[in-house]
Amino acid sequence: MPGVTRAKLAAAAGRGEGTGDAARDEAARAALEAWFARVARDLPWRRTRDPYAILLSEVMLQQTRVETVVPYFERFLARFPDVRALADAPVDDVLSLWSGLGYYRRARGLHLAAREIVARYGGRVPAEASDLRSLPGVGAYTAGAVSSIAFGRREPLVDGNVARVLSRLDGLEEDPKSAAGARRLWETAARLVPDREPGKWNEALMELGATICAPRDPRCGDCPLRAVCRAHRDGREAELPVVRAKKASPRVRVVAAVVLHEGEVLFARRAEGGLFGGLWEPPMVEAPGLSAARAALAVAGLPIEGVRLRSAGRVRHVLSHRDLDVLVVHGVARDRPVVPSVLAGAYERAAWRAPDAEGFGTSTLARKVLALALGGG
DNA sequence: AAAGCGGGGAC
DNA sequence: GTCCCAGCTTT
């Protein structure tokens, strides 16, 4: 790293505490930028300058690991290569490409955002963070990311990685999830983001958090910021950032009914807004057993009263806030029940489909249920 | 401030 | 098993 000697970094680290040391900040910028230029991963969204592709990547990356997103990003972009293609698509097609990625509200939000970008911005992704922030599914992080990375605007961002890196770098004691802690982090990020290539800087901060400044056992020996890091200086890497304990997910008993007729399965579409909103699945309800489930499905309007159902086994599906214990039952309908156009409860409508049909969204849970019920024949 | 919202990878 | 990920929205 030209111009950045260990001695300079060490001198900068000892000068002042917390804020207000421009020389230390500059040393950190130089060190991190040099490091990033050397080790930056080759990721598909780093090969483009298309703001739409970058917006897509940032939405997919919300609470989702880089390695998980890569194949989804490639498929989605191939199917919807620009804002207009996405805006013109049926929502079920969009959810189909999102299937398995999780947090499906993101897909619906992005779809609505594309339509808004066409309607209000002539099909061009806006560059201003405040304009981006007003799009559905775009919060402070995503707005800062798109504005800085795609448009070179000097906008800060704070994600989980940056929160950890900056908490350690400046020795910030507040809980990043608290209002005060978040405010402090955004102030710190805003202080550090440079005029020149702010997007690179933001990416470098995240890259450091993802590859070096890990939640547990950070590799401080390989860290370009170790000479200016307060937490490292004080031996407190393991204590920062402070994390508050999260509560366990309640266990919930669910019954899923896989009803077949001539090779097709009865699917129902979940109402948008809630869990798995907009996705299609074999009807399932929260119930302690089959008889209670039958009653609940009858109330919902699903026509399976006359179908003999037997157990195919259980599926466990863990979400961030629920731990689902799913009893999978299956059976063959003698004659095809007519599905009503409107359903009650969690489902809005139903249809018979081949289990591997395309063009609509399904959750990983739905795929597990189908695999168990149909896997053996 | 807290809860709802998926799924998976690393340990 | 636990932790948490390039978070956003609603209550």
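The structure displayed is predicted, hence computed values, not measured ones. (Residues numbered from 1 in each chain as written. Chains lettered and ligands numbered in written order. Predicted model: local features only at pLDDT ≥ 70, side-chain atom pairs only at ≥ 80, totals over all residues. Heavy atoms only, no water.)

Asks: Any chance you could break down the overall build of chain A for me, citing the residues and the numbers?
Replies: Looking only at helices and strands, chain A has 15 helices and seven strands in total. A principal-axis box enclosing the C-alpha atoms of chain A has dimensions of 80 × 45 × 35 Å. A buried classification covers 50% of the 377 residues belonging to chain A. Just so you have it, chain A exposes about 18,100 Å², and 52% of that area is on carbon and sulfur atoms. (Helix = DSSP H or I, 4+ residues; strand = E, 2+ residues; numbered from the N terminus. Buried < 20%, exposed > 50% of the residue type's maximum accessible area, 1.4 Å probe, protein only. Areas by Shrake-Rupley, 256 points an atom, 1.4 Å probe, with all protein chains shown as cover.)

Asks: Give me the lowdown on the protein's contact with DNA strand B, citing residues and values where you can.
Replies: Contacts to DNA strand B come from 23 residues, most closely from Arg105, Arg244, Lys247, His317 and His321. Among all atoms of DNA strand B positioned within 4 Å of the protein, those belonging to sugar or phosphate total 61%. In the environment of DNA strand B, a base nitrogen lies 2.9 Å from a nitrogen or oxygen atom belonging to the side chain of threonine 64. Contact distances for DNA strand B include 3.0 Å between a phosphate oxygen and a backbone N or O atom of alanine 179. (Near = heavy atom within 4 Å. Polar contact = N/O pair within 3.5 Å; in protein donor to acceptor, adjacent residues only side chain to side chain.)

Asks: Mind laying out the pairing of strand 6 (residues 323-332), listing which residues take part and the relevant values?
Replies: Taking burial as the measure, the 10 residues of strand 6 include nine buried ones, the bulk of the element. Where strand 1 (residues 251-261) lies against strand 6, 10 bridges are found, and the strand directions are parallel. Each bridged residue has a counterpart across the sheet, and for valine 252 the counterpart in strand 6 is leucine 324. Linking strand 5 (residues 310-318) back to strand 6 in an antiparallel pair, the connection comprises four residues. (Pairing = 2+ DSSP bridges.)

Asks: Could you give me a rundown of the environment of valine 59, with the residues and numbers involved?
Replies: In this fold, valine 59 is placed in helix 3 (residues 51-60). Judged by relative accessible area, valine 59 falls into the buried class, the value being 3%. Put simply, valine 59 and glycine 181 are 122 residues apart on the chain and 24 Å apart in space, counted from C-alpha to C-alpha. Not counting residues up to four positions away in its chain, the partners in contact with valine 59 are Trp98, Arg106, Leu110 and Thr142. (Contact = heavy atoms within 4.5 Å.)

Asks: Provide a residue-level description of the protein's contact with DNA strand C, including the pertinent values.
Replies: Close to DNA strand C lie 28 residues, the nearest being Arg105, Gly137, Gly139, Tyr141 and Asp159. Here DNA strand C approaches the protein such that, of its atoms within 4 Å, sugar and phosphate make up 61%. One of the backbone nitrogen or oxygen atoms of glycine 137 is found 2.7 Å away from a phosphate oxygen of DNA strand C. Contact between DNA strand C and asparagine 161: a sugar or linking oxygen at 2.8 Å from a side-chain N or O atom of the residue. Counting only elements with at least two residues in the surface near DNA strand C, the list comes to helix 9 (140-151) and helix 10 (160-170). For the surface near DNA strand C, the residue count by class is 11 nonpolar, seven polar and 10 charged. (Nonpolar A, V, L, I, M, F, W, Y, C, P; charged D, E, K, R; others polar.)

Asks: So what's going on with the nonpolar core? Which residues, and what values?
Replies: Ranked by internal contacts, the top residues of the largest apolar core, which has 115 residues, are Phe76 and Trp98. Of the residues forming this core, the biggest block, eight residues, is contributed by strand 1. Both domains that furnish three or more residues to this core are identified here as domain 1 (6-233) and domain 2 (251-374). Other than its neighbours up to four places away in sequence, phenylalanine 76 contacts Tyr52, Leu56, Met60, Leu86, Val94, Leu97, Trp98 and Leu110. (Core = buried A, V, L, I, M, F, W, Y, C linked by side-chain atoms within 4.5 Å. Domains from an automatic or database assignment.)

Asks: Can you explain the domain arrangement of chain A? Please cite residues and give values.
Replies: Entries for chain A in the domain assignment read domain 1 (6-233) and domain 2 (251-374). Relative to domain 2, the C-alpha centre of domain 1 lies at a distance of 38 Å. Counting the surface domain 1 buries against domain 2, the share from its top three residues, Asp92, Tyr104 and Arg108, is 51%. At the boundary of domain 1 and domain 2, one finds two salt bridges. (Buried area = accessible area lost by both parts, 1.4 Å probe. Salt bridge = Lys/Arg side-chain N within 4 Å of Asp/Glu carboxyl O.)

Asks: For the side chain of aspartate 92, give the residues involved together with the corresponding values.
Replies: Here aspartate 92 shows up in helix 6 (residues 91-98). Polar side-chain contacts of aspartate 92 include one of 3.0 Å to the side chain of arginine 269. Separated by 3.5 Å, the side chains of aspartate 92 and tryptophan 280 make a polar contact. Non-local contacts of aspartate 92, meaning those with residues more than four positions away in its chain, are made with Arg269, Gly278, Trp280, Arg349, Gly359, Phe360 and Gly361.

Asks: Which residues make up the packing of aromatic side chains, and what values go with them?
Replies: This structure, assessed with the given rule, holds five aromatic pairs. Aromatic pair tryptophan 45 and phenylalanine 73: ring centres 5.3 Å apart, planes at 80°, arrangement edge-to-face. Here the residue tryptophan 45 occupies a position in the loop between helix 2 (22-39) and helix 3, and phenylalanine 73 occupies one in helix 4 (residues 66-79), the gap between them amounting to 28 residues. Here tryptophan 45 and phenylalanine 73 have matching classes, each one buried. (Phe/Tyr/Trp six-rings, centres within 6.5 Å; stacked < 30°, edge-to-face > 60°.)

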